[in-house]
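Descriptive structure summary
Listed below are the residues making up each chain.
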Amino acid sequence: LDRLEIELLKGETVLENKEFLEDTDMKSLENKSLEATFIPTTEDTGKALVCQAKLHMDEMEFEPKQRQSTQTLYVNVAPRDT
């Protein structure tokens with residue numbers, strides 16, 4: 001691969017983005033990952049967390065070049081003034 005790009009999004013907001021540039025002569029497989037830490041609030045309930053990976057290989061035409069995984073947030077808050 002030439003370049004792998006991973007984005008972590010909360011709703012439409014990008015939390016983290018990283019590009020992995022690789023040596024095209026490399027023959028072994030590697031796992032790639034990206035982490036982001038945030039503190040959810042009650043306003044985040046119902047928003048989507050998305051991990052999106054894009055593979056940039058111009059010389060080869062295949063689909064899909066992009067994959068994503070989505071998880072909806074449900075924020076539970078302890079009751080106050082009981």
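Our subject is the structure listed above.
Thresholds, definitions, all that
- Residues numbered from 1 in each chain as written.
- Predicted model: local features only at pLDDT ≥ 70, side-chain atom pairs only at ≥ 80, totals over all residues.
- Heavy atoms only, no water.
- Helix = DSSP H or I, 4+ residues; strand = E, 2+ residues; numbered from the N terminus.
- Buried < 20%, exposed > 50% of the residue type's maximum accessible area, 1.4 Å probe, protein only.
- Contact = heavy atoms within 4.5 Å.
- Areas by Shrake-Rupley, 256 points an atom, 1.4 Å probe, with all protein chains shown as cover.
- Salt bridge = Lys/Arg side-chain N within 4 Å of Asp/Glu carboxyl O.
- Polar contact = N/O pair within 3.5 Å; in protein donor to acceptor, adjacent residues only side chain to side chain.
- Lys, Arg positive; Asp, Glu negative; His and termini not counted.
- Pairing = 2+ DSSP bridges.
- Axes fitted to C-alpha atoms, helices over the stretch in contact; angles between N-to-C directions.

Considering the overall build of the protein chain
Along the protein chain, the regular secondary structure elements total 0 helices and 4 strands. The linear arrangement of helices and strands in the protein chain, starting from the amino end, is β-β-β-β. Within the protein chain, the fraction of its 82 residues that count as buried is 17%. A sequence separation of at least 24 residues applies to 48% of the contacts in the protein chain between residues at least 6 apart. A total accessible area of about 6,800 Å² is found for the protein chain, and carbon and sulfur atoms account for 48% of it.

A few points about the pattern of salt bridges
Any two side chains of opposite charge can pair, given that their charged atoms come close. Following the criterion strictly, the structure yields 2 salt bridges and no others. As a salt-bridge pair, Glu19 and Arg3 come within 3.1 Å of each other at their nearest N and O atoms. Separated by 16 residues along the polypeptide, Glu19 in strand S2 (residues 13–21) and Arg3 in strand S1 (residues 3–10) bring together distant segments of the chain. Overall, Arg3 belongs to the partly exposed group, its relative accessible area being 28%.

Quick notes on the environment of Thr41
Inspection of the secondary structure assignment puts Thr41 in the loop between S2 and strand S3 (48–56). A relative accessible area of 36% means that Thr41 is categorised as partly exposed. One polar contact links Thr41 to Glu43, side chain to side chain, over a distance of 3.1 Å.

Points about the environment of Lys47
Position of Lys47 relative to the elements: it lies in the loop between S2 and S3. Sequence separation of Lys47 and Lys10 is 37 residues, and the distance between their C-alpha atoms is 6.8 Å. Apart from residues lying up to four places away in sequence, Lys47 is in contact with Gln71, Thr72 and Leu73.

Some thoughts on the side chain of Glu5
With respect to the element layout, Glu5 can be found in strand S1. An unpaired buried charge is present at Glu5: no salt bridge exists, and Lys54, the closest side chain of opposite charge, is 4.7 Å distant. A polar contact of 3.2 Å, which involves the side chain of Glu5, links it to the side chain of Asn17. Leaving out residues up to four positions away in the same chain, Glu5 has contacts with Asn17, Lys18, Glu19, Gln52, Ala53, Lys54 and His56.

A word on the sheet that holds strand S4 (residues 66–72)
Here we have 4 strands laid out as an open sheet, ordered S2-S1-S3-S4, and antiparallel in their pairing. In the strand order of this sheet, the two ends are held by S2 and S4, each with one partner. For this sheet the average axis-to-axis angle between neighbouring strands, irrespective of direction, equals 10°. Direction of pairing for S1 relative to S3: antiparallel, over a ladder of 8 bridges. Residue pairing across strands places Ile6 opposite Ala53, the latter belonging to S3.

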